Amino acid sequence: MVGIVVVSHSKNLAQEIINFSMQMAQADIKVINAGGTSDGRFGTDATKIMDAIQQSDDKDGVLILVDLGSAIMSAEMAMDFLDEDLKERVLIADAPIVEGCIAAVSQVSIGASLEEVKNAAEQARNYSKR
């Protein structure tokens, strides 16, 4: 099953996004909070993100959802630390974090592939424009 990592500059915000999104889950899904820094401050932490990726991986891939631009940089840095096998199974979605996480969780719960989960998260961008 595809894993999901939520990267926000706020650990609490990431957790609330996860809590809200899991209302849509129809299966036991690994959605890991990688928000905030390791010492509890606002920001992002590549090591924390790397650990979350490893925790959420069940060999079907991991989708990362991010809140702001620097979270993308931290996620990319985290991916650089991964072994090549895992790195090939990790994607970053260009999606609004809340709508994208809801869409991703919904797709994972019905057994979608990593690419399908990423596409659903990115399509959620269209819902926020209505």
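Up top is the structure these notes are about.
Because the structure is predicted, anything quoted here is derived from the model rather than measured.

Thresholds, definitions, all that
Residues numbered from 1 in each chain as written. Predicted model: local features only at pLDDT ≥ 70, side-chain atom pairs only at ≥ 80, totals over all residues. Heavy atoms only, no water. Helix = DSSP H or I, 4+ residues; strand = E, 2+ residues; numbered from the N terminus. Buried < 20%, exposed > 50% of the residue type's maximum accessible area, 1.4 Å probe, protein only. Lys, Arg positive; Asp, Glu negative; His and termini not counted. Salt bridge = Lys/Arg side-chain N within 4 Å of Asp/Glu carboxyl O. Polar contact = N/O pair within 3.5 Å; in protein donor to acceptor, adjacent residues only side chain to side chain. Contact = heavy atoms within 4.5 Å. Pairing = 2+ DSSP bridges. Axes fitted to C-alpha atoms, helices over the stretch in contact; angles between N-to-C directions.

(A) Quick look at the side chain of Asp45. In this fold, Asp45 is placed in the loop between strand 2 (31-33) and helix 2 (46-56). It is Arg41 that comes nearest to the buried, bridge-free Asp45 among opposite-charge side chains, at 7.0 Å. Here the side chain of Asp45 touches Thr47 through a polar contact of 2.9 Å, landing on its backbone nitrogen. Each residue touching Asp45, except ones within four places of it in the same chain, is listed here: Gly36, Thr37, Ser38 and Ser74.

(B) Summary view of the sheet that holds strand 1 (residues 3-7). Strand order in the open sheet made by the four strands is 2-1-3-4, with parallel pairing throughout. Two strands in the sheet have a free side with no partner beyond their single neighbour: strand 2 and strand 4 (90-92). Taking each pair of neighbouring strands and ignoring which way they run, the sheet shows an average axis angle of 20°. Looking at chain direction, strand 1 and strand 2 are connected through three bridges and run parallel. Within the sheet, the bridge partner assigned to Ile4 lies in strand 2 and is Val31. The strands touched by helix 2 within the sheet are strand 1, strand 2, strand 3 (62-66) and strand 4, with strand 1 carrying the most contacts at an inclination of about 160°.

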